[in-house]
Amino acid sequence: MTSQLLEIEKLNKWFGEAHVLRDIDLTIEAGDVNVVIGPSGSGKSTLLRCMNLLEEPTSGRVVFEGREITDVRVNLNKVRTHIGIVFQAFNLFPHMSALGNITVALRKVLNLNERDAKERALKELEHVGLEERADAYPGQLSGGQQQRVAIARALAMRPRLMLFDEVTSALDPELIKEVLDTMKRLADEGMTMVVVTHEMGFAREVGTRLLVMDDGRIIEDGVPKEIFSNPRHARTQSFLAHVL
């Protein structure tokens, strides 16, 4: 049984003259792995960033756990502790160890004491298979390891929704698998996820739902295997012909 976690209603986003998102209606159910694909410039990353208001919608509503977070009275910092996001760039502090990168937000945002923050950070490093690299600095870690630290940092906040914005696109091919395996494990554990990616294998195997975007709209929405085997929209057919 699923429950509605996030709802987007009539969402529009303009950047100057560019209409990047056009009347998006979307509901995210708890426990689903929603994979978003589409050509570059179709609005995928902007849609993701509107989900936790890193980008402010030009119009429309975003409702998280029954509360409209586009309401100006909402404490966005508090909301964002429940919506984790991991980017293409790792955004780790180079002067802090892997452990330090995770504990800093736990102490400053959640006000955990040093012992509890360290205990939770170590648990999440173990979760992503990096407990032995807790004292390593970003410069001593591979790109895949740095991205897994970034995932651990987001998980340590105990989010109810995880957003992934093309998290493997900056990685060498041999490092992509370790990050995707970490994300697959999260999916198996029931984490609700929205994943913007070019990794079609992940979309097919791990996704419970596939959203195809083009020109600021969601043009297909359904079960990944069905869309991959029988895309209805001509733009989807064209896109998949180039990436499969």
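Check the entry above for the structure.
Quick summary incoming for the structure in this document. (Residues numbered from 1 in each chain as written. Predicted model: local features only at pLDDT ≥ 70, side-chain atom pairs only at ≥ 80, totals over all residues. Heavy atoms only, no water.)

## Describing the overall build of the protein
No. 1: A count of helical and extended segments in the protein gives 9 helices and 10 strands.
No. 2: Its C-alpha radius of gyration of 18 Å places the protein within 12% of the 18 Å reference for a compact globule of 244 residues.
No. 3: Looking at the protein as a whole, 51% of its 244 residues are labelled buried.
No. 4: Partitioning the contacts of the protein with sequence separation of at least 6, the portion at a separation of at least 24 is 65%.
No. 5: About 11800 Å² of surface is accessible on the protein, with carbon and sulfur atoms providing 47% of the total. (Helix = DSSP H or I, 4+ residues; strand = E, 2+ residues; numbered from the N terminus. Rg over C-alpha atoms; globule rule 2.2 N^0.38 Å. Buried < 20%, exposed > 50% of the residue type's maximum accessible area, 1.4 Å probe, protein only. Contact = heavy atoms within 4.5 Å. Areas by Shrake-Rupley, 256 points an atom, 1.4 Å probe, with all protein chains shown as cover.)

## Comments concerning the sheet that holds strand β4 (residues 59-64)
No. 1: The strand order across the open sheet formed by 4 strands is β2-β1-β4-β5, and the pairing between neighbours is antiparallel. Strands at the two margins of the open sheet, each flanked by one partner only, are β2 (18-29) and β5 (67-68).
No. 2: One ladder, built from 5 bridges, connects strand β1 (residues 4-15) with β4; its direction is antiparallel. The residue of β4 that forms the bridge with Ile8 is Val62. (Pairing = 2+ DSSP bridges.)

## Details of helix α6 (residues 173-188)
No. 1: Here α6 is 16 residues long and its end C-alpha atoms lie 23 Å apart, about the 22 Å a rise of 1.5 Å per residue gives.
No. 2: Within the sequence span of α6, burial applies to Leu175, Ile176, Val179, Leu180, Thr182, Met183, Leu186 and Ala187. The buried residues of α6 occupy one face: seen down the axis, they fall within an arc of 150 degrees. Seen from the open side of α6, the exposed residues pointing more than 90 degrees away from its buried face are Glu174, Lys177 and Asp188.
No. 3: Turning to α6, the residues buried within the fold contact β3 (33-37), α4 (114-127), α5 (143-155), β7 (161-165), β8 (193-196) and α7 (200-205).
No. 4: In the segment just after α6, Gly190 is the residue with positive phi, at about 95 degrees. (Expected span 1.5 Å × (residues − 1). Arc of directions from axis to C-beta.)

## Some details on the sheet that holds strand β6 (residues 83-86)
No. 1: Taken together, the 6 strands give an open sheet; going across it, the order is β6-β7-β8-β3-β9-β10, and neighbouring strands pair in mixed fashion. Of all strands in the sheet, those with a lone pairing partner are β6 and β10 (217-222), marking the two edges. The sheet shows a mean angle of 15 degrees between the axes of neighbouring strands, direction not considered.
No. 2: Relative to β8, β7 is paired through 4 bridges, and the arrangement is parallel. Looking at the pairing, Phe164 lines up with Val195 of β8. (Axes fitted to C-alpha atoms, helices over the stretch in contact; angles between N-to-C directions.)

## Some details on the nonpolar core
No. 1: If you look at the biggest cluster of nonpolar residues, it comprises 50 residues, and the most contacted ones within it are Leu125, Ile151, Met162, Phe164, Met183 and Met193.
No. 2: Element by element, the count of residues in this core is highest for α6, at 7 residues.
No. 3: Residues in contact with Met183, not counting those within four places in the same chain, are Ile151, Phe164, Val167, Met193, Val195 and Phe202.
No. 4: Formed by 27 residues, the second largest nonpolar core is a distinct cluster that contains Leu11, Phe64, Val79 and Leu161. (Core = buried A, V, L, I, M, F, W, Y, C linked by side-chain atoms within 4.5 Å.)

## Some remarks on the pattern of salt bridges
No. 1: Counted under the stated rule, the structure contains 15 salt bridges.
No. 2: Note that Glu65 is salt-bridged to Arg160, the shortest N-O span being 2.5 Å. Of this pair, Glu65 sits in the loop between β4 and β5 while Arg160 sits in the loop between α5 and β7, placing them 95 residues apart in sequence.
No. 3: Residue classification places Arg160 among the partly exposed residues on the basis of a relative accessible area of 36%.
No. 4: Arg148 is paired through a salt bridge with Glu178; the nearest N and O atoms lie 2.6 Å apart. Here Glu178 lies in helix α6 and Arg148 lies in helix α5, a separation of 30 residues in the sequence.
No. 5: On the basis of relative accessibility, which here comes to 22%, the residue Glu178 falls in the partly exposed class.
No. 6: In the salt-bridge network here, residues are joined through shared partners; they are Glu9, Arg61 and Glu68. (Salt bridge = Lys/Arg side-chain N within 4 Å of Asp/Glu carboxyl O.)

## Description of the packing of aromatic side chains
No. 1: Within the structure shown, the criterion is met by 0 aromatic pairs.
No. 2: Lying over the aromatic face of Phe228, Arg204 brings its terminal NZ or CZ to 4.6 Å of the ring centre. (Phe/Tyr/Trp six-rings, centres within 6.5 Å; stacked < 30°, edge-to-face > 60°. Lys NZ or Arg CZ within 6 Å of the ring centre and 35° of its normal.)

## Considerations on the environment of Ser40
No. 1: Within the fold, Ser40 resides in the loop between β3 and α1 (44-51).
No. 2: Judged by its relative accessible area of 68%, Ser40 falls in the exposed class.
No. 3: Separated by 175 residues in the primary sequence, Ser40 and Asp215 place their C-alpha atoms 9.5 Å from one another.

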